[in-house]
Amino acid sequence: MAEASQLFKEFKIQSVSEFFRRNAAMLGYTGKIRSLTTVVHEAVTNSLDACEEAGIAPYIRVEIEELGREHYKVIVEDNGPGIPEKYITHVFGKMLAGTKAHRNIQSRGQQGIGISGAVMFAQITSGKATRVITSTGGDKTIEAWVKIDVDKNEGKIVKKEKHPNPKGWRGTRIELEVKNVRYIRSKQGVYWYLKLTAIANPHAHIELIEPDGKLIVFPRSSEEVPKPPVEMKPHPRGVLTDDVYRMAKKTRRNTVKRFLVGEFSRISDKKIDELIEYIAALRLIKTEGDKNVQEQLYERLMKGEVKAVLRSFRGYTKVVKQVAKIMEKPPEKLTWHEAEEIVEAFKYMKFLAPPTHGLRPIGEENIEKGLRGILKPEFVTAVTRPPKVYSGGIPFQVEVGLAYGGEIPAGFELLRYANRVPLLFDAGSCVTTLAARSIDWKRYKVDDLDRAPVVLMINVISVHVPYTGTGKQSIANVEEIQNEIRLAIMDAARKLQTYLSGKHRKLYQVKRKKTFEKYVPEIARALSILTGEEEDAVKTYFLTFIEGHFKAKESELGEVSENA
Amino acid sequence: MPKSKVVRREKPRERFSYDPTKVLSKLEEYGRRILEDIKSGKNPYFDIPMRGLNNVYFDEKRRVIRMGDKLSRRYFLNVAHARKFMQTLLIMAYVKRLVSEGKHASLREAYYANKHTIPGTKENTFEDQRESDPIIEDLERMLGVLREEMHLTADRRGYIYGDIVIRDGEDEFNTSKLGMGGWAVPGTVEHLQFPEINVDYALVVETAAMADRLIEEKFPKKEKALIIATQGQASRGVRRLIHRLHYEEGLPIIVFTDGDPYGWYIYSTIKQGSINLAYLSDKLATPEARFVGMTMDDIERYGLKNVTEKLKGIPPNKKGGPTGDYKRILEEMEYPWFQNKEWQRQLKMAVKMGVRIEQQALANKSLEFVAKRYLPEKINSGDLLP
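What you are looking at is a predicted structure, and each value in this text was computed from that prediction instead of being measured.

## Regarding the overall build of chain A
Along chain A, the regular secondary structure elements total 17 helices and 14 strands. Per-residue burial for chain A yields a buried fraction of 50% across its 564 residues. For chain A, restricting intrachain contacts to residue pairs at least 6 apart in sequence, the fraction spanning at least 24 positions comes to 72%. Carbon and sulfur atoms make up 51% of the accessible area of chain A, which amounts to about 27,300 Å² in all.

## Some remarks on the overall build of chain B
Of the regular secondary structure elements, chain B holds 13 helices and 17 strands. As displayed, chain B offers around 17,400 Å² of accessible surface, 49% of which is attributable to carbon and sulfur atoms.

## Looking at the pattern of salt bridges
Counted by the stated rule, this structure contains 66 salt bridges over all chains. Between arginine 173 of chain A and glutamate 77 of chain A there is a salt bridge; the shortest N-O distance is 2.9 Å. Taken together, the positions of arginine 173 of chain A in strand E6 (residues 170-179) and glutamate 77 of chain A in strand E2 (residues 71-78) put the pair 96 residues apart, joining distant regions of the chain. Its relative accessible area of 22% is what places arginine 173 of chain A among the partly exposed residues. When its relative accessible area of 22% is taken as the criterion, glutamate 77 of chain A is described as partly exposed. A salt bridge links glutamate 172 of chain B to arginine 167 of chain B; the nearest nitrogen and oxygen atoms lie 2.9 Å apart. Its relative accessible area of 48% is what places glutamate 172 of chain B among the partly exposed residues. The network of salt bridges with shared partners includes Lys73, Glu77, Arg131, Glu143, Arg173 and Glu175 of chain A.

## Some details on the confidence of the model for chain B
In the predicted model, chain B carries a mean pLDDT of 89, and 98% of its residues have values of at least 70. The complex model carries a pTM of 0.57, and its ipTM stands at 0.75.

## What about unusual backbone geometry?
In this structure, methionine 294 of chain B follows glycine 293 of chain B across a cis peptide bond, with omega equal to -5°. With respect to the element layout, methionine 294 of chain B can be found in the loop between strand E15 (290-293) and helix H10 (296-301). Not every positive phi belongs to a glycine, and glutamate 70 of chain A is a case in point at roughly 55°. Within the secondary structure, glutamate 70 of chain A is located in the loop between strand E1 (59-68) and E2.

## Side note on the side chain of glutamate 63 of chain A
With respect to the helices, strands and loops of the structure, glutamate 63 of chain A is situated in strand E1. The contact partners of glutamate 63 of chain A, leaving out residues within four places of it in the chain, are Lys73, Val74, Ile75 and Ile209 of chain A.

## Some thoughts on the packing of helix H7 (residues 241-250) of chain A against helix H13 (residues 336-348) of chain A
Packed helices, taken two at a time, are described by their axes: the angle between them and the distance between them. All names here are of chain A. Relative orientation of the contacting elements H7 and H13 amounts to 125°, with a least axis distance of 8 Å. As judged from the angle between their axes, H7 and H13 are oblique. In this structure, H7 meets H13 at a crossing whose hand is right-handed. Taken together, the residues of H13 that come into contact with H7 (itself represented by Thr241, Asp242, Val244 and Tyr245) are Trp336, Ala339, Glu340 and Val343.

Calculation notes
- Residues numbered from 1 in each chain as written.
- Chains lettered and ligands numbered in written order.
- Predicted model: local features only at pLDDT ≥ 70, side-chain atom pairs only at ≥ 80, totals over all residues.
- Heavy atoms only, no water.
- Helix = DSSP H or I, 4+ residues; strand = E, 2+ residues; numbered from the N terminus.
- Buried < 20%, exposed > 50% of the residue type's maximum accessible area, 1.4 Å probe, protein only.
- Contact = heavy atoms within 4.5 Å.
- Areas by Shrake-Rupley, 256 points an atom, 1.4 Å probe, with all protein chains shown as cover.
- Salt bridge = Lys/Arg side-chain N within 4 Å of Asp/Glu carboxyl O.
- pLDDT = per-residue confidence, 0-100.
- Axes fitted to C-alpha atoms, helices over the stretch in contact; angles between N-to-C directions.
- Parallel < 35°, antiparallel > 145°, perpendicular 65-115°, else oblique.
- Left-handed = near helix turned anticlockwise from the far one by under 90°.

Structure representation (structure tokens):
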């Protein structure tokens, strides 16, 4: 039998970078087409986020250069704030080191792995460093070649040059050389990805130069740069014991009470009094021997009858006093068990819905602009639902856009987004697909959805989007989310229906009018023969009559649609 | 031996009334009303008496099928009506020209004359004669004016033979001096005048073969009868002619058809009018017409049993019946004008015996039998059905 020390000789600490190098699939690097899209996605997302945080209207240019068989150079350039020299290695070289990781915030990125993952992918497929040219608008531009030291999870700059910046250029340009990828104009490819990104980000101007030199421009259709999302305090319903325990260790507040009130949303001093009662009640219920009685007490607690539950135990005030003491402790003294009790009590208590100021929907107006600008439809509408909560405490919001006709080809198209990021894979299992298919489109005058020129876009926004897998391409079928999506689609579809029926009615009226008008010359000639009246005069009488009739009809229709 | 005439000419009850200016003024009146409506911003329309079974009834007093007073209103500003509204005016204008110019056109000519592509469209004013014919019927009912008075004629059918003189425009002729074929009745008989009539009654004969037989046997001359051959169902011209001869000239009308449901129906149409043309009954029907044969009694009386034919279809007492001829007979038994003892007896007998008998069956006796014995015997003794 081998000695333990022998066995553990081979035991090595694996760095975060090393882990992801071996598990590239978790970052979206699977398949030749998708890998390329992921590289572009990471760079473009970084650019958009940086521009938004700096309040700059993004101008992003993507260039795909074919260097050889399954060998490309990806160039992404933006007009963002640029990266200060000392942060370059951080941004591109270190995994899990982004500015947003571990914050309760709606984000496009993938917990800070994003662009460094792309740098790593370039490095492991082509062996080349990533070239970064950036300037914050000062008198210098920096050109750096970045690699990742996989063992140490650290970025290292292979080569660095400084250039004068006479024109005051500001922005970032990165060039990655990647192999084992392929550029195809498919629904999973770069072109489609950028098109979808442009729709959901109408404030961005996006250009793409394809390998054959073709320039494609998705122009900006809105001047309004969205505000970056803000951090939100966690809602008591959404936290785990571990969250409370660890936050308590880190906090600078001096009592548990102040810690809870200060670092969670929807907890007030009054709620703390209530919390004390609930914890006390739960402690007392656990002392009850009769299982049935215990069950009943839990149920009553769930109904909010906490005072009555407490009163049913003798000497309950003593327990309440004990629990109250916890609240006055310094938070770092909070035990795991106490944290557990707090989280359990949270489950029974009622709280206001979490605040939603951290959610940043695209907005109805901007969705319409995006769809109109890129797809050139005949009709467009959008619905942004008010924020809702799933799993008791995670805020989310749904918005949909619906475009019809115009340059849209026949056939239903669903554009899926999570936090504005296009989802290109796993459409079948996505809650958005299920919701869109569950709608009875015939009710909204769309008789054959699969042949109608309809584009439906769905954006699910949340600080925590429940993806079905590590690929983050499909949203799980959470009942609350599906309901919201359905309501949003139906709302938009109703507007489409109004438009379509109005259009049909108008067409019908025009057709009707023409029906009458075409007979007028015949009628005029006959009546002229019968009565001796001038033919042209008769014609005028009839045409005036028809005109008057349809004018009256039109104003009637106008009133109806205003009322509706 | 002087014949004791049961059937003889009576006093005239109507006067020849055709007046083209009446038609013209009616057309103009309608045109003016439409024009006034449109000028004052009203949706112009025509009120057209409805056609069909729902709008006819049997006038017991006058013993004719008449049209009810149900109207259908045809608007200009109605997608479903506009085309017909236009067509109506087109035909009206056409009729005005025909009548004022004193010309006649057939229904088919009227169709072709008014058919053309509407400028700026791929649509024709009329696509089919089936569109123009009903419009003409509508006009008849709307204006209360015969198609013939509007100078629109149908194909001619039927002929007459007998000692009467007809003035047709500039021509005057005796219909017994035109050869054995007699004189073909035109589509329009409105303008005909009868300066001389030397017959006691008119015998309306269903088949041309029988009419020819009677002429060959010199029946018209011997019996002082006018032969009118309908050649099947009587055309409007023939029915109008019968009506005029009866009411304007006082000629009794006697109808001679096959003894079968179709023959009786021909008789019924001459006498009471038809559902289709109920609005014209006052001008086409002759309720005083009487029926000479063939009757079911004739079979027995003249021993014609061996020349009868079986009725077609299934009798009412058999499974699946009644169908075919039986069904028609039972329907006719329900007609108000067949609600009398004699006719009910005849029709019941037909069903019971399950036979029909043709006029020509009389030839079984001899070629001369019908002219020398059958008809003179029955007519002169007044042995006629109502």
